[in-house]
Amino acid sequence: MTKITQLLTAVGIFLLSTAALAQNTLSGIVVDASSKETLPGASVSVVGTSIGTITDLDGKFSLNLKSSEVKILVSFVGYTDKEISFTLDGNTSAGSIELESNSVGIEEIVIIASVVKDRQTPVAVSTIDPLLILEKLGTKEFPEILKSTPSVYATKSSGGFGDSRITLRGFDSNNIGVLINGIPVNDMESGKVYWSNWAGLSDVTSSKQVQRGLGASKLALSSVGGTINIITKSTDVKQGGSVYVGYGNDGMRKESFTTSTGMLSNGWAVTLSGAHTKGDGYIDATSFEGWSYFVNISKVLNEKHKLSFTAFGAPQWHNQRYYKQTIPAYQASAAGSKSNLDWGYKNGEKYNAAYNYYHKPQISLNHYWNISETSKLATSAYASVSSGGGRRVFGAAQLTNAQGLIDWDAMILRNQQSANGSVSVMANSINSHNWYGALSTYTKELDNLVITGGFDGRFYQGIHAYEIEDLLGGKYFLNTNNKNAPVGTTYTKGDYVNYHNIGEVLWAGLFGQVEYSVEQFSAFVSSSVANNSYRRIDYFAYLPGEQITDWSQFWTTTYKGGVNYNISANHNIFANGGYISRAPYFRNSYIGNTNVANPDAKNEKILTYELGYGFQSKTFNAKLNVYRTSWKDKGLVRTIGDVVANIPGINALHQGVELEMKYKPSKKLTVTGMFSLGDWTWTDDIVFDAYNLDNELQGTFKAYMAGAKVGNAAQLTGYLGIDYEILPKFKLGGDFNYWGKNYAEFDPTTRTNEAASGIQSWQLPDSWELNMNANYHFKMAGLDATVYGNVDNILNTEYIIDGDDGSAHDINTSRVFYAFGRTWSVALRIKF
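The residue count restarts for each chain, going from 1 along the sequence in the order it is written. This being a predicted model, a pLDDT of at least 70 is required before a residue's local features are given, and a value of 80 or more before pairs of side-chain atoms are given or counted; all residues contribute to the totals for chains, interfaces and linings. Side-chain metrics in this entry use all non-hydrogen atoms of the structure; hydrogen atoms and water are not considered.

**Observations regarding the overall build of the chain**
Using the following cut-off: In this text, helices come from DSSP runs of H or I with a minimum length of four residues, and strands from runs of E with a minimum of two, each type numbered from the N-terminal end. Values of the radius of gyration come from C-alpha atoms, whereas the globule rule sets the reference at 2.2 Å times the count of residues to the power 0.38. The Shrake-Rupley method, run with a 1.4 Å probe, gives the accessible areas here. Residue values count only the displayed protein chains as cover. When charges are tallied, Lys and Arg are placed among the positive residues and Asp and Glu among the negative ones, while His and the ends of the chain are skipped. Working definition for charges: the position is that of NZ of Lys, CZ of Arg, CG of Asp or CD of Glu.
Counting its secondary structure elements, the chain contains six helices and 49 strands. Relative to the compact-globule value of 28 Å for 832 residues, the chain shows a C-alpha radius of gyration of 29 Å, a close match. For the chain, the C-alpha atoms occupy an extent of roughly 125 × 60 × 60 Å along the three principal directions. For the chain, the accessible area works out to roughly 35100 Å², and carbon and sulfur atoms hold 58% of it. Both charge centroids of the chain, one from 69 positive and one from 75 negative side chains, sit 5 Å from each other.

Put into structure tokens, the structure is as follows:
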């Protein structure tokens, strides 16, 4: 019995000691050192072992460990790795582990850009992780990465490189504020955003946030539908870099690099990035080539002052598809949905009538001043001097062959046989600009208050002209549009014809905001005021002394506020509302292409409010909100042939419900979902005047558009995404999108017959798409490497993305663009 007793005692001691070893637990929470926001998905691993985990949706982690002495490594994309040693004794708390940004000055940029905090700032917001962009972008255009966001409809539109478009809550880019590092980039004359100007943006994006509705930006922006807030890289704290090479369908190839000195001992740091992309294009005759560059030079002057210089741009050219076709026309074409009629063969080579080239560099110098522990001043001076335009046929109608393609040889022959020079030429529509601005933001913390105020000043000069590029076989071209040129003046390559004018915009604004925040409750009120001054200079349509208009002035004001209440650690509710009186855009402030001020131009009025609820737990997050936006007195000036329609007083109502969810039952599996349902409708019939090109009134008409749905913006959207690490360091992802209640766009000037009253635009068929992606992390010669693979529209589903309403409001008369079929890309990235 003694030996048995000794054996049992030994086994008992062993089991007890093993249990004791297994009882050591280390838990904690990982947060951003600056904002104190939690970091879900951060990696927490035990140095020298394969033991590790990732933080849950609350940013929390827990490790069961046998050893009592451990060193953990905490890392997250965009942050500097942190190693910490612990002595464990049962249940040990690591407390709050703060990670510092791996970029110099990123905290200050976030202040300028008004990036919001979840469960604190009472707005509907979706944040796109930079890792998600790396894994899922593939052959998509930059706005398309937002397809998983409620009420977003993003398409490739006509299919040319960078020709994508986006709507948010039914509003197009004219009414979405787009900020890059806090600097507005919407065109100062039309409000549009041309994504081809920012083709390299995905390579240098540090974070991307979509604030739906009013948003949190303090500036007087055109953010009726929302704000897209993009933060680029600054200078990396650590030395290193990466190289990238990728291939895709239709001859697509991309190479890029990034390198950084890291923060040097003398306070200097430099980061450089560059990329080159080219391809044949998925759509017929839409080849393209683009470059992008990014440079940031930072200098830490002392503990209170930092300087940061940033320059980036993306010069590119791409052939385009300009015109939509009817569905029967696509079906009759050998190219099917890829059909493009804006090109033909010239001297045996492909030549496009639709072609775009542009370079819009943006340069900024930022100064960050930590005045004290509670006050900061961030100032940015910036400039953008762009050049470029788009190529089109000008003059007599273009000739086509039996296939419907442009017959360039026949057009050349026609010009050669003409006794009066070329009857049609290729001309570039020049749209260059000079844009200068300054943005300064002061922040003061007082107990539970944060007070922000600042100045936003801009000067913009848009240069517009029609420049002959190719006489198409003729010796000269005659044009009578220039009143300052003698009759019979001949024009050759490089000369301006048709028009030459300049639009100037002066903008000066002040803004202020007060935020109050305690543990469970937060609120904010903000207001801004800006003076918009417009002046037009026309060198063709007017004689000297009449060419320059007086300045027209409009005032823009915004008022908004919101509250958030954290009911518990799991539940919160929020509400916000606001009123905007927005100046009409420059292009709606004049009658057509004239210096005549539009007498009906007046401020647009936007009244909006929303309510929201949030749920957050370790494994599941959900956000639900409802909104209502009333938009009154939208103005539109549209030129159709020789008629200019001045359409004032357009009213619309945008309302809906949005839901987004994220479920993370384990560190290997993430499930995300989204659903949105909108009701976006033009509410009233309108009366408008029509003028000829000499500004003579041709008549007054009524457009029957009450009850018509807002076009080319899917009012029903759904998304489901699954990402799963099926093997160590090998992740597979799938994304399913669904779109419905999408109506064709219509022209108000075509609905002047009373029979159009109550007639709805053609509704596009509901559509869906399935995308797949995979990535694998491994070591290559001791360096971290990742291979990426993406297949978009993997089932090659054919569906329509954009449509213009036809005369019969049906599938046969409406003109459309189809979505791309199956596309693919593979890439390798190596970090050093």
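Now, onward.
**What to know about the sheet that holds strand β4 (residues 60-65)**
The line we're drawing: The rule for pairing is simple: two strands pair if DSSP sees at least two bridges between them. Lines fitted to C-alpha atoms define the axes here, with helix axes fitted over just the stretch in contact, and angles between the N-to-C directions of these axes take values from 0 to 180 degrees.
In space, the three strands of this open sheet follow the order β4-β1-β7, with mixed pairing throughout. In the strand order of this sheet, the two ends are held by β4 and β7 (91-99), each with one partner. The average undirected angle you get between the axes of adjacent strands in this sheet is 20°.

**Let's talk about the packing of aromatic side chains**
Condition: Side-chain rings of Phe, Tyr and Trp (the six-membered ring for Trp) are treated as a pair once their centres are within 6.5 Å; stacked means planes under 30 degrees apart, edge-to-face means over 60, and tilted covers the remaining angles. Remark: exposure states derive from per-residue accessible area (1.4 Å probe, protein chains only) relative to the maximum for the residue type, with buried under 20%, exposed over 50%, and partly exposed in between. In our convention, an over-ring charge means Lys NZ or Arg CZ found within 6 Å of a ring centre and within 35 degrees of that ring's normal.
Summed over the entire model, instances satisfying the criterion amount to 30 aromatic pairs. Their ring planes at 55° and their centres at 6.3 Å tell us that Tyr 516 and Phe 521 sit as a pair that is tilted. On the basis of relative accessibility, which here comes to 31%, the residue Phe 521 falls in the partly exposed class. An aromatic cluster of at least three residues, connected via ring pairs, comprises Phe 394, Tyr 466, Phe 477 and Tyr 499. Residue placement shows Lys 346 over the ring face of Tyr 351; its charged tip is 4.3 Å from the ring centre. Above the ring of Phe 746, the side-chain terminus of Arg 751 is found at 4.7 Å from the ring centroid.

**Details of the pattern of salt bridges**
Two side chains that carry opposite charge are able to pair once their charged atoms sit near each other. For the record, the criterion: Here, a salt bridge means any Lys or Arg side-chain nitrogen found within 4 Å of an Asp or Glu carboxyl oxygen.
Under the defined criterion, the tally for this structure stands at 26 salt bridges. The partner of Lys 140 in a salt bridge is Asp 792, and the shortest N-O contact between them spans 3.1 Å. You can see Lys 140 sitting in the loop between α3 (130-136) and β10 (152-155) and its partner Asp 792 sitting in strand β46 (residues 783-792), a full 652 residues away along the chain. Asp 792 matches Lys 140 in its accessibility class, with the two residues each being buried. With its nearest N and O atoms 2.6 Å apart, the salt bridge here joins Asp 203 to Lys 254. You can see Asp 203 sitting in helix α4 (residues 201-204) and its partner Lys 254 sitting in strand β18 (residues 253-260), a full 51 residues away along the chain. When its relative accessible area of 21% is taken as the criterion, Asp 203 is described as partly exposed. When salt bridges with common partners are traced through the structure, they connect Arg 169, Arg 212, Glu 610, Glu 658 and Glu 660 into a single cluster.

**A short note on the sheet that holds strand β6 (residues 82-87)**
Read across the open sheet, the four strands follow the order β3-β2-β5-β6; overall the sheet is antiparallel. Sheet topology places β3 (52-54) and β6 at the edges, where each strand pairs with a single neighbour. On average, each strand axis in the sheet is inclined to that of its neighbour by 20°, with strand direction left out of account. As paired strands, strand β2 (residues 43-46) and β3 are joined by three bridges and run antiparallel to one another. Looking at β3, one finds that Val 44 is bridged to Thr 53.

**With respect to the pairing of strand β33 (residues 496-517)**
For strand β30 (residues 449-470) and β33, the ladder comprises 19 bridges, and the chain directions are antiparallel. Across the sheet, residue Arg 458 finds its bridge partner in β33, namely Trp 507. Both β33 and strand β34 (residues 521-538) contribute to a ladder of 17 bridges, which runs antiparallel. Looking at the pairing, Phe 511 lines up with Ser 528 of β34.

**Section: the environment of Met 252**
Filter applied, for reference: Residue contacts are defined here by distance: any two heavy atoms, one from each residue, within 4.5 Å place the two residues in contact.
Within the secondary structure, Met 252 is located in the loop between β17 (240-248) and β18. Given the relative accessible area of 16%, Met 252 is considered buried. Put simply, Met 252 and Phe 288 are 36 residues apart on the chain and 9.2 Å apart in space, counted from C-alpha to C-alpha. Excluding residues within four positions of it along the chain, Met 252 makes contact with Thr 139, Gly 246, Tyr 247, Lys 278, Gly 279, Phe 288 and Ser 825.

**Observations concerning the confidence of the model for the chain**
Interpretation of the predicted coordinates at a detailed level should be avoided for regions scoring low in pLDDT. What counts here: Every residue is assigned a pLDDT by the predictor, reflecting its confidence on a scale from 0 to 100.
On average, residues of the chain score 91 in pLDDT, and 95% of them are at 70 or above. Contacts from residues 13-21, a stretch scored under 50 in pLDDT, to residues over four places away or in other chains number two contacts.

**Focus on the side chain of Glu 189**
How we decide: Identification of polar contacts relies on pairs of N or O atoms within 3.5 Å, with a donor-acceptor requirement for protein atoms, meaning one able to donate a hydrogen and the other able to accept it, and with residues adjacent in sequence counted only if both atoms are side-chain atoms.
Relative to the assigned elements, Glu 189 resides in the loop between β13 (183-184) and α4. It turns out Glu 189 is buried and unbridged, and the closest side chain with the opposite charge, Arg 587, is 4.6 Å from it. Within polar-contact distance, the side chain of Glu 189 engages the side chain of His 464 at 2.8 Å. Residue contacts for Glu 189: discarding those within four places in its chain leaves Tyr 460, Gly 462, His 464, Gly 503, Tyr 585, Phe 586 and Arg 587.

**Comments concerning the environment of Phe 540**
Take Phe 540: it is sitting in the loop between β34 and β35 (552-566). Along the sequence, Phe 540 and Asn 479 sit 61 residues apart, while their C-alpha atoms lie 11 Å from each other. Among residues more than four places away in sequence, those in contact with Phe 540 are Asn 481, Asn 482, Lys 483, Asn 484, Tyr 496, Val 497, Asn 498, Tyr 499 and His 500.

**Here's the deal with the pairing of β34**
Within β34, 13 of the 18 residues are buried, leaving the element largely enclosed by the surrounding structure. The turn linking β33 back onto β34 is made up of three residues. With 14 bridges joining them, β34 and β35 adopt antiparallel strand pairing. Each residue of the ladder has a partner; that of Val 529, found in β35, is Thr 557.

**Quick word on helix α6 (residues 408-417)**
Put simply, the rule reads: Directions are taken from the helix axis to each C-beta atom, and the arc is the one they span.
For α6, the set of buried residues is Trp 408, Met 411, Ile 412 and Asn 415. Taken down its axis, α6 places every buried residue within 100° of arc, on the same side. Packing partners of the buried residues in α6 comprise β24 (343-346), β25 (349-352), β28 (375-395) and β29 (424-446).

**A word on unusual backbone geometry**
Even without glycine at this site, Asn 712 takes up a positive phi of about 55°. Relative to the helices and strands, Asn 712 is located in the loop between β42 (697-703) and β43 (716-727). Here the phi dihedral of Lys 741 falls at roughly 50°; this positive angle occurs in a residue that is not glycine. For Lys 741, the location among the structural elements is in the loop between β44 (730-740) and β45 (767-780). In this structure Lys 741 comes out as partly exposed when scored by relative accessible area, which is 24%.

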